[in-house]
2 protein chains.
Amino acid sequence: MSGQLTVVGLGPGNLGQITPEALDAVREADDFFGYIPYLDRLSLQPHQRRHASDNREELSRAQAALTMAAAGGKVCVVSGGDPGVFAMAAAVCEAIENGPADWRSIDFRVVPGVTAMLAVAAKAGAPLGHDFCAISLSDNLKPWSLIEKRLVLAAEAGFVMAFYNPVSKARPHQLATAFDVLRAHLPGTVPVIFGRAAGRADERMRVVPLADARSDMADMATCIIVGSVETRLIDRPGAEPLVYSPRSSIRES
Amino acid sequence: MSGQLTVVGLGPGNLGQITPEALDAVREADDFFGYIPYLDRLSLQPHQRRHASDNREELSRAQAALTMAAAGGKVCVVSGGDPGVFAMAAAVCEAIENGPADWRSIDFRVVPGVTAMLAVAAKAGAPLGHDFCAISLSDNLKPWSLIEKRLVLAAEAGFVMAFYNPVSKARPHQLATAFDVLRAHLPGTVPVIFGRAAGRADERMRVVPLADARSDMADMATCIIVGSVETRLIDRPGAEPLVYSPRSSIRES
């Protein structure tokens with residue numbers, strides 16, 4: 001007897017940014033799988049059970065959740081932001097593809113959320129106002145050479161870039177290298193936004209030119225947006241400058 | 001005396017996908033500017049006023065909203081999806097930059113939302129599970145040659161691609177050309193998702209291989225996701241196949 005598995009995005013961390021659809025999905029489930037800080041955001045009922053796991057355990061977490069759903073459970077896997085952007089939805093799909101056949105009969109659903117780059121962009125103005133890309137800087141699951149190749153091609157294409165997973169204790173040097181790669185392909189004046197914990201109490205926003213961007217300006221909770229050559233700053237009296245990318249593109253890159 | 005202007009994202013169109021933060025911003029405003037179908041989604045109070053305008057009038061709409069805010073109004077500009085992704089936030093920033101100096105003193109805020117590609121991806125599985133880009137196929141504000149260049153570089157980078165503004169009455173041929181460009185750079189087996197009105201009553205999802213993708217499968221309300229060479233299909237009994245992009249990348253493109 002097959003149950004259900006819903007992968008839910010809780011948004012950037014602010015209660016006001018969780019959708020009603022996500023809250024409904026949480027209300028309807030009995031068992032919750034996720035990284036501890038995401039589970040900590042939920043206000044669960046007494047009958048609802050937490051199955052917390054550490055970061056970097058995405059695949060085994062997905063398998064445990066699917067096993068329980070296949071046995072008839074009403075299971076929820078929680079992600080921060082949007083579960084489809086560098087988060088749990090792909091890990092669950094990967095587990096379904098490689099798992100027992102009955103996992104394909106589970107009532108599987110993904111509930112979208114506000115992903116970090118959208119929250120950071122909103123705080124800064126409209127830096128994602130034109131064509132853009134999102135890149136994970138983690139080389140746990142792909143070679144660093146591929147990341148560098150994508151950075152160079154994205155700069156050549158004139159994409160604004162959002163970086164997820166910019167640094168971690170296991171990967172202290174990648175972000176500095178990424179900035180060096182970009183400095184060889186973009187003007188040093190291009191604005192770089194460091195958006196930490198956007199929408200949360202410990203939010204911290206910072207905008208610097210690419211020439212001055214350093215890896216110690218980011219931590220694991222930071223989403224970074226690197227402007228294109230067309231991204232602009234608007235100075236404002238008594239407020240941080242607005243950063244935006246115009247809707248029109250004239251320059252070829 | 002300066003008032004306030006909030007640009008609000010209403011999400012893909014389903015009431016369950018509007019954030020509480022967006023609803024609060026709507027409650028606090030007196031005057032609402034936007035494209036008619038987005039204004040039609042609001043349940044306004046008797047004292048709240050609608051200032052509807054047609055599509056393609058983004059800049060004049062932004063200027064009208066800023067003029068009212070600069071005079072002390074509590075103004076809301078509404079967008080579908082996320083206002084920072086091919087929507088009103090960039091148009092308002094552009095108007096601020098080029099407008100009178102006192103527009104820079106307006107209390108300006110952007111409230112993020114669930115953008116179309118996230119809702120479409122959630123319905124399909126996890127096609128944006130790895131590095132991806134978002135491209136507007138409208139050549140109203142940029143040359144078509146630049147769009148073709150970006151398509152080719154995105155294919156070379158191995159990005160999954162989300163297309164906004166894929167077709168309109170004024171631009172019937174661009175999407176077919178875009179598919180032709182991609183067929184020269186990607187295998188015909190790459191899955192293409194046509195997600196129309198995701199989350200709404202008239203939702204329609206369709207997945208075809210790139211070899212079979214045609215422009216008449218999309219309309220103005222469609223967001224298209226083109227997989228990378230690594231994007232996979234999972235067949236399921238009695239349900240549409242899941243589409244997902246694995247978290248790991250092995251192939252270079």
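Residues numbered from 1 in each chain as written. Chains lettered and ligands numbered in written order. Predicted model: local features only at pLDDT ≥ 70, side-chain atom pairs only at ≥ 80, totals over all residues. Heavy atoms only, no water.

An unreviewed UniProt entry lists chain A under the name Precorrin-3B C17-methyltransferase, from Agrobacterium tumefaciens. Here is the UniProt Pathway (unreviewed entry) comment for chain A, exactly as written: "Cofactor biosynthesis; adenosylcobalamin biosynthesis." (UniProt positions renumbered as here; feature names shortened; annotations may be inferred.)

### Some words on the overall build of chain A
The number of helices and strands found in chain A is seven helices and 13 strands. Taken over the C-alpha trace, chain A has a radius of gyration of 20 Å; the compact-globule value for 253 residues is 18 Å, and the two agree within 12%. Each principal axis of the C-alpha atoms in chain A carries an extent, and together these give about 60 × 40 × 35 Å. In chain A, buried positions account for 58% of the 253 residues. Restricting the contact set of chain A to residue pairs at least 6 apart, pairs at least 24 apart contribute 68%. As displayed, chain A has an accessible area near 9600 Å², and 50% of this comes from carbon and sulfur atoms. Distance between charge centres in chain A, computed from 25 positive and 28 negative side chains, equals 3 Å. (Helix = DSSP H or I, 4+ residues; strand = E, 2+ residues; numbered from the N terminus. Rg over C-alpha atoms; globule rule 2.2 N^0.38 Å. Buried < 20%, exposed > 50% of the residue type's maximum accessible area, 1.4 Å probe, protein only. Contact = heavy atoms within 4.5 Å. Areas by Shrake-Rupley, 256 points an atom, 1.4 Å probe, with all protein chains shown as cover. Lys, Arg positive; Asp, Glu negative; His and termini not counted. Charge placed at Lys NZ, Arg CZ, Asp CG, Glu CD.)

### Observations regarding the interface of chain A and chain B
Taken together, the contact pairs 72 residues of chain A with 72 residues of chain B. Here chain A packs against chain B, burying approximately 6300 Å² in sum over the two surfaces, 59% of which is carbon and sulfur. In this structure, the connection of chain A to chain B is made through 10 salt bridges. The partner of Asp131 of chain B in a salt bridge is Lys142 of chain A, with the nearest N and O atoms 2.4 Å apart. Our enumeration of links across chain A and chain B arrives at 26 residue pairs in polar contact (both at pLDDT 80 or more). The dominant element in the side of chain A that touches chain B, judged by the number of residues it contributes, is helix α6 (residues 144-157) of chain A, at eight residues. Strand direction decides the pairing type here: strand β7 (residues 132-136) of chain A and strand β7 (residues 132-136) of chain B, joined by three bridges, are antiparallel. Note on β7 of chain B: the bridge partner recorded for Phe132 of chain A is Ala134 of chain B. (Buried area = accessible area lost by both parts, 1.4 Å probe. Salt bridge = Lys/Arg side-chain N within 4 Å of Asp/Glu carboxyl O. Polar contact = N/O pair within 3.5 Å; in protein donor to acceptor, adjacent residues only side chain to side chain. Pairing = 2+ DSSP bridges.)

### Let's talk about the side chain of Ser79 of chain A
All names here are of chain A. With respect to the element layout, Ser79 can be found in strand β4 (residues 74-79). For Ser79, a relative accessible area of 2% puts it in the buried group. At 3.2 Å, the side chain of Ser79 forms a polar contact with the backbone nitrogen of Met88.

### Some points on empty space enclosed by the protein
If a probe the size of a water molecule is rolled over the atoms, the empty space left behind becomes visible. Applying the stated criterion to the full structure yields three cavities of 30 Å³ or more. When its volume is computed, the largest cavity comes out at roughly 60 Å³. Taken together, Arg150 of chain A together with His130, Asp131, Gly158, Val160, Ser228, Glu230, Ser245, Pro246, Ser248 and Ser249 of chain B make up the full set of residues lining the largest cavity. Taken together, the residues of the lining of the largest cavity sort by class into two nonpolar, six polar and three charged. In this structure, the second largest cavity occupies an estimated 40 Å³ of space. (1 Å grid on protein atoms, 1.4 Å probe; cavity = no way out; pocket = protein on both sides within 12 Å on 5 of 7 lines; lining within 4 Å. Points joined across faces, edges and corners; volume = space filled by probe spheres on them. Nonpolar A, V, L, I, M, F, W, Y, C, P; charged D, E, K, R; others polar.)

### Things to note about the packing of α6 of chain A against helix α6 (residues 144-157) of chain B
Look at α6 of chain A against α6 of chain B: their axes get within 9 Å of each other, and the N-to-C directions meet at 180°. Comparing their axes, α6 of chain B and α6 of chain A come out roughly antiparallel. Facing Lys149, Arg150, Leu153, Glu156 and Ala157 of chain A of α6 of chain A, the residues of α6 of chain B in contact are Lys149, Arg150, Leu153, Glu156 and Ala157 of chain B. Looking at the contact of α6 of chain A with α6 of chain B residue by residue, the class counts come to four nonpolar, no polar and six charged. (Axes fitted to C-alpha atoms, helices over the stretch in contact; angles between N-to-C directions. Parallel < 35°, antiparallel > 145°, perpendicular 65-115°, else oblique.)

### Section: the packing of aromatic side chains
Summed over all chains, the structure comprises nine aromatic pairs over all chains. With a centroid separation of 5.5 Å and 75° between ring planes, the pair formed by Tyr35 of chain B and Tyr38 of chain B is classed as edge-to-face. The exposure class assigned to Tyr38 of chain B is partly exposed, which follows from its relative accessible area of 26%. Ring centres of Phe86 of chain B and Tyr164 of chain B lie 5.1 Å apart, and the angle between their planes is 50°; on these two criteria the pair is classed as tilted. On the criterion of sequence distance, the pair formed by Phe86 of chain B in the loop between β4 (74-79) and α4 (88-98) and Tyr164 of chain B in strand β8 (residues 160-164) is long-range, its members being 78 residues apart. Neither residue differs from the other here; Phe86 of chain B and Tyr164 of chain B are each classed as buried. Here the aromatic residues Phe86 and Tyr164 of chain A together with Phe132 of chain B are joined through ring pairs into a cluster of three or more. (Phe/Tyr/Trp six-rings, centres within 6.5 Å; stacked < 30°, edge-to-face > 60°.)

### Quick word on the nonpolar core
Formed by 60 residues in total, the largest nonpolar core has its most connected members in Met161 and Phe163 of chain A together with Met161 and Phe163 of chain B. Formed by 40 residues, the second largest nonpolar core is a distinct cluster that contains Leu128 of chain A together with Ala134, Tyr164 and Cys223 of chain B. (Core = buried A, V, L, I, M, F, W, Y, C linked by side-chain atoms within 4.5 Å.)

### Details of the relation of the copies chain A and chain B
Each copy superposes on the other: chain A lies on chain B with an RMSD of 0.0 Å after a rotation of 180° and an axial shift of 0.0 Å. Such a turn and shift between the copies fits a two-fold axis. It is Cys133 of chain A whose C-alpha, among those of chain A, lies nearest the rotation axis, at 1.9 Å. The overlap is high: 100% of the interface residues of chain A also sit at the interface in chain B, so the same surface is used on both sides. (Least-squares fit on C-alpha atoms with pLDDT ≥ 70 in both.)

### A short note on the UniProt feature "domain: Tetrapyrrole methylase" (unreviewed entry) in chain A
When the UniProt feature table is mapped to this numbering, "domain: Tetrapyrrole methylase" (unreviewed entry) covers residues 5-212 of chain A. Annotation note: span residues 5-212 of chain A, helix share 34%, strand share 24%, distance between end C-alpha atoms 45 Å.

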